[in-house]
Number of protein chains: 2
Amino acid sequence: MAASIPQPVDPPRRVLMGPGPSDVAPHVLAALAAPTVGHLDPYFLTLMDEVQGMLREVFQTKNKMTLAVSGTGSAGMETCFVNLIEPGDKVLVCVNGVFGGRMSDVAARCGGEVMTIERPFGEVFTTDEVATAVKEYNPKLVAIVHAETSTGALQPIEEISKIVHDAGALLLIDCVTSLGGLPVEIDRWNVDAAYSGTQKCLSCPPGLAPVTFSDRAVEVMETRNSKVASWYLDMSMVRNYWSDQSRAYHHTAPINMNYGLHQALRDVFDEGLETRFARHTRNHLALSAGLEAMGVKFAVAKEHRLPMLNAVLIPDGVDDKAVRSQLLNDFGIEIGGGLGPMAGKTWRIGLMGEACTQRNVLLFLAALENCLLAAGCSAIAGSGVGAANEFYRSA
Amino acid sequence: MAASIPQPVDPPRRVLMGPGPSDVAPHVLAALAAPTVGHLDPYFLTLMDEVQGMLREVFQTKNKMTLAVSGTGSAGMETCFVNLIEPGDKVLVCVNGVFGGRMSDVAARCGGEVMTIERPFGEVFTTDEVATAVKEYNPKLVAIVHAETSTGALQPIEEISKIVHDAGALLLIDCVTSLGGLPVEIDRWNVDAAYSGTQKCLSCPPGLAPVTFSDRAVEVMETRNSKVASWYLDMSMVRNYWSDQSRAYHHTAPINMNYGLHQALRDVFDEGLETRFARHTRNHLALSAGLEAMGVKFAVAKEHRLPMLNAVLIPDGVDDKAVRSQLLNDFGIEIGGGLGPMAGKTWRIGLMGEACTQRNVLLFLAALENCLLAAGCSAIAGSGVGAANEFYRSA
């Protein structure tokens, strides 16, 4: 070999408070490192069943077709569109952030005739806005983001679902950032297709995309006129591998990633969904109190804020990258910058899964104060740590 | 939660001698379990560069566009076709096994006008056969499998490459099973696109697909008339994330899987490519000597056999599944059954990467003898272990 062999993997110890991946628990990492078995090993087939069962619980659904796609969250997005949309199908995509925009791109690549409605980044859609567009366009499928990772805004789904179904359309939601941190009630909301990722509030490393499809969505797949454009993501074959009946070989599943997801899901239910949601809310409110005390403003109106992804406006005169670099280099803390039109204007502070702790809230506020002082920022109104501690004491 | 929480991940300790995944070294598993960092963390970006560098070495190429696709081997296959083929493009696919068949399916889903030439499972194509088809069909791209995982046959590439390029076409090869176990000389053979998997002779768990594209292939991508149908696999965006210049966010890479691949590739170069290839050949020949002594016949002619995947005919009167179950249950040894028309007729015995050892050859031959005796098989001509030991002593 001409070049020298690189040094072994030895990553720095980060505190992952960006838009994902989030911190991964040591026993999830240990599960990842369990010995590999074959993709048709009886042990692995049982483990797949268990992963499916736990995914159904976290999606709050009885949907039979619920599984982990062998790719990251965006592969989950593509799986939903490529299986449900045929060339010429009308698709309405609601765009209020980067991931809504990505959905519209993916839908068009599937041959969909895409109509979009838009809201400024950081805002959400009203039921009326969606109703008007559905009436005007009469789409086969409506796609909307539940938790916009690029903006930190939370989109209520339930009423929109009624509108969409009254019009005879299917509803597809992106719950990459919400799953495991906020209620995602697929059955109660009557959602037809949803995708997520493992590296947000489930706190498993990235590499798998949980998806779920309603019986109605499955029927749409089963009555397609054309083959699914993607062989790799074709649910008519993937489903057989995940089915407890057939187990027909399709592709070699990422065995160890499924080990990790299994343990991460176990953690979710060891804690309990309600307790986990409450933890996300509590730490979000403490962080909010701290940021507010420091004079740092949110980019999203209070009633639409995601607890697990806090998008804040970068204070005037403060250098985006300098502060993020200092957080990373001096404190090992990763936060995210803004995406799309928010680039350079916002920071995205994640409180996802394992990373959503009182310890991280206080550490982050203390470190941010340090960095803002270093940046000569005059905007620090008061003690963020003090306000967060006051919140924890009183709430 | 209604259902009870499953038991923690605790897989049985297998000896993976099937068609992949292969055994994974403990330090590769340990690398998988290193703490997750962000997908844009400077540490991870450096690690991506190192993975690319090592992939170039193992592919024996200087191709700039060489990286690990965030999916398993079949996602690598799809990446090659979906980026190089546009609707209406003429594609010649050489089919002599399941994976050639899969390529033809994938090419057609990309809108390609697919012509196939076929050889019976277990055989390979002559240069003349390909030349005739290329002349007749004048395709934009010719696709062929270097190492057919379904049949155990090795296809020579170099002369075919000349034919394909003389006709102005691109050459795409599947080297899922060969990479890291046999010479795969992308530049010397003048291959335009190749994909592999991590779970064969690289002995990393499944979850990533190494791919490489020649400058000519890149030019074909850059002059496309239509958007790539798959957003997730669109190299015009994926390449920017892997580029040392741009690093534009596309999707969240499977961080820990890349840690594992990094360590697995380090192992390849710690051993050295030539030594590794020789080890695969040596253990294959020992296994062959042992099987021959027992009276078990190969399904592939001697000159076309893959060292890392030994397809043998199931002896008359022996129950396929009973023997494979006994190997698994009594000895923890996984081997593969036949695929497609070979189902029930062949076993596929892998000697891939970490699993390709003298220990495994002897263990397998001893265990197979045990199982064949239990099956009342009268075909055991002599001692497989004895013949293999004789080979090791003399070779």
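Coordinates for the structure precede this section.
Let us look at the structure shown here. (Residues numbered from 1 in each chain as written. Chains lettered and ligands numbered in written order. Predicted model: local features only at pLDDT ≥ 70, side-chain atom pairs only at ≥ 80, totals over all residues.)

Residue and element names in this part refer to chain B. Strand order in the open sheet made by the three strands is β11-β14-β13, with antiparallel pairing throughout. With partners counted over all chains shown, the strands left at the sheet margins are β11 (309-313) and β13 (336-337), one partner each. Bridge analysis of β11 against strand β14 (residues 346-350) gives five bridges, and the strand direction is antiparallel. Note that in β14 the partner of leucine 313 across the bridge is threonine 346. (Pairing = 2+ DSSP bridges. Helix = DSSP H or I, 4+ residues; strand = E, 2+ residues; numbered from the N terminus.)

Another aspect to go through is helix α8 (residues 215-222) of chain A. Residues and elements named next belong to chain A. For α8, the complete set of buried residues consists of Ala217, Val218 and Val220. Each buried residue of α8 lies within a common arc of 155° when the element is viewed along its axis, so the set occupies one face. In α8, the exposed residues that point more than 90 degrees away from the buried face are Asp215, Glu219 and Glu222. Summarising the contacts, the buried residues of α8 are in contact with β2 (65-69), α3 (73-84), β8 (170-174), β9 (193-195) and β10 (209-213). (Buried ≥ 20, exposed ≤ 12 C-beta atoms within 10 Å, placed from the backbone. Arc of directions from axis to C-beta. Contact = placed C-beta atoms within 7 Å.)

Let us look at the environment of B:Leu208. Residue and element names in this part refer to chain B. If you trace the backbone, leucine 208 turns up in the loop between β9 (193-195) and β10 (209-213). Sequence-wise, leucine 208 and alanine 30 are 178 residues apart; in three dimensions their C-alpha atoms are separated by 17 Å. Leave out the neighbours within four places in its chain, and leucine 208 touches Ala68, Val69, Ser70, Thr198, Pro254, Met257, Asn258 and Leu261.

The next point concerns the pairing of β10(A). All names here are of chain A. Within β10, five of the five residues are buried, leaving the element largely enclosed by the surrounding structure. Residues Ala209, Val211 and Phe213 line one face of β10 and the alternating positions Pro210 and Thr212 line the opposite face, and both faces are buried. Taken together, the three bridges between β9 and β10 define a ladder with antiparallel strand orientation. Note on β10: the bridge partner recorded for tyrosine 195 is valine 211.

Our next topic: the environment of B:Ile173. Residues and elements named next belong to chain B. Looking at the element boundaries, isoleucine 173 is found in strand β8 (residues 170-174). In sequence terms isoleucine 173 and asparagine 258 are 85 residues apart; their C-alpha atoms lie 23 Å from each other. In contact with isoleucine 173, other than residues within four places in its own chain, are Ile144, His146, Ile157, Val191 and Ala194.

Before going further, it helps to examine the relation of the copies chain B and chain A. If you rotate chain B by 180° and push it 0.0 Å along the axis, it lands on chain A with an RMSD of 0.0 Å. The two molecules are tied by a two-fold rotation axis, judged by turn and shift. Interface overlap between copies: 100% of the residues of chain B at the interface are likewise at the interface in chain A, consistent with a symmetric, same-surface contact. (Least-squares fit on C-alpha atoms with pLDDT ≥ 70 in both.)

Facing 66 residues of chain B, the contacting portion of chain A comprises 66 residues. No other element matches the nine residues that helix α10 (residues 255-271) of chain B contributes to the side of chain B that touches chain A. Each residue belonging to the side of chain B that touches chain A can be placed in one class, and the counts come to 34 nonpolar, 20 polar and twelve charged. (Nonpolar A, V, L, I, M, F, W, Y, C, P; charged D, E, K, R; others polar.)

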